[in-house]
Amino acid sequence: MTTTPVIVGSERSEVGLPDGMALLRQGAGALDAVEAALRRCEDNEADHYVGTGGLPNARGEVELDASVMLGSSRAFGAVGGVRGFPNPISIARAVLERLPQHCLLVGEGAELFAEECGFERADLLTAEAKRLYVEALDAADESVEGEDTRATPGDRRYRETTRALMRRFAPHDGPWGTINVVALDETGELCVGVSTSGYPWKYPGRVGDSAVPGAGNYCDVRYGGAACTGRGEMAMRVTGARRIVDLLAEGADPAQACREMLADARSLPDPFAAELRALALTPDGRHGGASGQLGSVYAVMTAAGDGVEILPRQVA
Ligand code: GLY
């Protein structure tokens, strides 16, 4: 018996979902579909939260995290803090497929592995992303009276500046955040992929939930796949994606499972506790999403449908 393919994604995944669905319609696997969809998003320079054009860390360097997980084997591949490679989702896939007994590579090791795999290097900091960074840095400079806020990494002033920059990263108008894609192929395989440049102006070396199994990404073909967007530390603290899949296993529907996980995150004493969103897809093609904030959506394409449908996430 064949399954009807479905692909879902977070805000701005609609740029890549048609590529993923085109492959699913040809009978390709969920992993190929997720990778193709996310590569398209990573190459979209207008998107400042993923791949080329992503906003940089506090030192002005673009550092990317990505992961991919397969529902049948629960095999997981991820990279964190990768610089100079435009498609971290493909490096994450290579970790999954080519490095037995490895799930996650970070920093220099991930870059060495990418080079050995033959991935091309590129400059990821676009002129527009650099302009936004310089603007934010200048604003933070003004907020600290009379002192040089661009001191060397690691000292107190540097940390204070980083915190000031982080506070300035409030969700702006329009869709923001990490991109998640979850696909179900005609064989019934499920795959979840996540890709991000992380918080703008994050502390160098900071790796978020997107690279961490169970936090930003989890997939079990028996129950479903789930992924998170937003404040990654919240997703890590509640192991958000794994929690959603556990709730699916207990019989919750996808939106309800996302809402319950977000309610748990929101109960934590943290000013950013509501800045988390989630989505889920079950092996029988049901999907849903939720957000701690109003106005959030997710994108869906089915093999039978015409195009990308944008659906509201429930508010948790
Ligand atoms: N959710 C992505 C991040 O926090 O980096």
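**Q** Could you clarify how one ought to interpret the site of the ligand in this entry?
**A** The full set of residues close to the ligand is Thr178, Gly198, Tyr199, Arg206, Asp209, Ser210, Gly230 and Gly232. Gly230 places a main-chain nitrogen or oxygen 2.8 Å from a nitrogen atom of the ligand. Gly232 is positioned with one of its backbone polar atoms (N or O) 2.9 Å from an oxygen atom of the ligand. Taken together, the residues that form the shell around the ligand break down as one nonpolar, five polar and two charged.

**Q** I would appreciate a short explanation of the environment of Pro200 in the present structure.
**A** Structurally, the position occupied by Pro200 is in the loop between strand E6 (190-196) and strand E7 (217-220). For the pair Pro200 and Gly54, spaced 146 residues apart in sequence, the C-alpha separation works out to 8.1 Å.

**Q** Just checking my understanding: could you explain the sheet that holds strand E11 (residues 297-302) for this structure?
**A** Pairing is mixed in the open sheet, where eight strands are placed in the order E4-E3-E2-E6-E5-E1-E11-E12. Each having just a single partner strand, strand E4 (104-106) and strand E12 (309-312) make up the two edges of the open sheet. When strand polarity is set aside, the average angle formed by the axes of neighbouring strands in this sheet is 15°. In this structure, strand E1 (residues 6-9) lies alongside strand E5 (residues 179-184), joined through four bridges in antiparallel fashion. What sits directly across from Ile7, in E5, is Ala183. Along the sheet face, helix H4 (residues 107-117) touches strand E3 (76-82) and E4 and points at about 105° away from the line of E4.

**Q** Would you mind showing me how to read the packing of helix H2 (residues 30-42) against helix H3 (residues 88-98) here?
**A** Helix packing geometry: the angle between the two helix axes and the distance between the axes. For the pair H2 and H3, interaxial distance at closest approach is 8 Å and the crossing angle is 150°. Between H2 and H3, the interaxial angle falls into the category roughly antiparallel. From H2, Leu31, Asp32, Glu35, Leu38, Arg39 and Glu42 reach across to H3, where they touch Pro88, Ile89, Ser90, Arg93 and Glu97. Within the contact of H2 with H3, the residues separate by chemical class into four nonpolar, one polar and six charged.

**Q** I tried to follow H3 on my own but got confused; where do I start?
**A** Quick reminder: α-helices carry 3.6 residues per turn. Residues three or four places apart thus point the same way. Taking burial as the measure, the 11 residues of H3 include nine buried ones, the bulk of the element. All of the buried residues in H3 are Pro88, Ile89, Ser90, Ile91, Ala92, Arg93, Ala94, Val95 and Leu96. Buried-residue contacts for H3 involve H2, strand E2 (64-70), E3, E4, H4 and E6.

**Q** Would you take a moment to explain H2 for this structure?
**A** Here H2 spans 18 Å end to end across 13 residues, near enough to the 18 Å set by a 1.5 Å rise per residue. Counting buried positions along H2 yields 10 of 13 residues, so the element is predominantly enclosed. For H2, the set of buried residues is Ala30, Leu31, Ala33, Val34, Glu35, Ala36, Ala37, Leu38, Cys41 and Glu42. Contacts from the buried residues of H2 go to E1, helix H1 (17-25), E2, H3, E5 and E6.

**Q** Would you explain the nonpolar core in this entry?
**A** Most often, soluble globular proteins have nonpolar side chains that are buried together. Ranked by size, the top nonpolar core spans 41 residues in total, and within it Val8, Val182, Ile244, Met261, Leu276 and Leu281 carry the most contacts. Filtering out sequence-adjacent residues up to four positions away, Val8 remains in contact with Leu17, Asn180, Val181, Val182, Leu279, Leu281, His287, Ala299 and Val300. Residues Met21, Val82, Phe113 and Ala114 belong to the second largest nonpolar core, which totals 36 residues.

**Q** How do you make sense of unusual backbone geometry when you look at a structure like this?
**A** For residues other than glycine, phi is negative in most cases, and the peptide bonds are mostly trans. The phi dihedral of Trp201 is positive, around 65°, even though this residue is not glycine. By secondary structure assignment, the location of Trp201 is in the loop between E6 and E7. Residue classification places Trp201 among the buried residues on the basis of a relative accessible area of 7%. Unusually for a residue other than glycine, Thr239 sits at a positive phi of about 40°.

**Q** What's the story with the sheet that holds strand E10 (residues 287-291) in this structure? I'm lost.
**A** The strands making up a sheet are joined through hydrogen bonds of the backbone, oriented either antiparallel or parallel. If you walk across this open sheet you meet the five strands as E7-E8-E9-E10-E13, and the pairing is mixed. Only two strands of the sheet have a single neighbouring strand rather than two, namely E7 and strand E13 (314-315). Pairing geometry for E7 and strand E8 (residues 224-230), over four bridges, is antiparallel. Within E8, the residue paired with Asn217 across the bridge is Ala227. Where helix H9 (residues 254-266) meets the sheet, it contacts E8, strand E9 (276-281), E10 and E13, and its direction lies at approximately 25° from that of E10.

**Q** What should I look at first to understand the pattern of salt bridges in this one?
**A** Oppositely charged side chains can pair when the atoms bearing their charge come close. Across all of its chains, the model carries 20 salt bridges by this definition. Note that Arg313 is salt-bridged to Glu11, the shortest N-O span being 2.8 Å. In this pair, Arg313 is assigned in the loop between E12 and E13 and Glu11 in the loop between E1 and H1, connecting sequence segments 302 residues apart. Pair check on accessibility: Arg313 and Glu11 agree, each one buried. Put simply, Asp246 and Arg242 hold a salt bridge, and the shortest N to O gap is 3.0 Å. Linking Asp246 with Arg242, this pair stays in helix H8 (residues 240-249), spanning four residues, or about one helical turn. On the basis of relative accessible area, Asp246 is assigned to the partly exposed category, the value being 27%. You can call Arg242 partly exposed: its relative accessible area is 34%. Taken together, the salt bridges that share partners define one network made up of Asp32, Glu35, Arg93 and Glu97.

Parameters and conventions
Residues numbered from 1 in each chain as written. Predicted model: local features only at pLDDT ≥ 70, side-chain atom pairs only at ≥ 80, totals over all residues. Heavy atoms only, no water. Near = heavy atom within 4 Å. Polar contact = N/O pair within 3.5 Å; in protein donor to acceptor, adjacent residues only side chain to side chain. Nonpolar A, V, L, I, M, F, W, Y, C, P; charged D, E, K, R; others polar. Helix = DSSP H or I, 4+ residues; strand = E, 2+ residues; numbered from the N terminus. Pairing = 2+ DSSP bridges. Axes fitted to C-alpha atoms, helices over the stretch in contact; angles between N-to-C directions. Contact = heavy atoms within 4.5 Å. Parallel < 35°, antiparallel > 145°, perpendicular 65-115°, else oblique. Buried < 20%, exposed > 50% of the residue type's maximum accessible area, 1.4 Å probe, protein only. Expected span 1.5 Å × (residues − 1). Core = buried A, V, L, I, M, F, W, Y, C linked by side-chain atoms within 4.5 Å. Salt bridge = Lys/Arg side-chain N within 4 Å of Asp/Glu carboxyl O.

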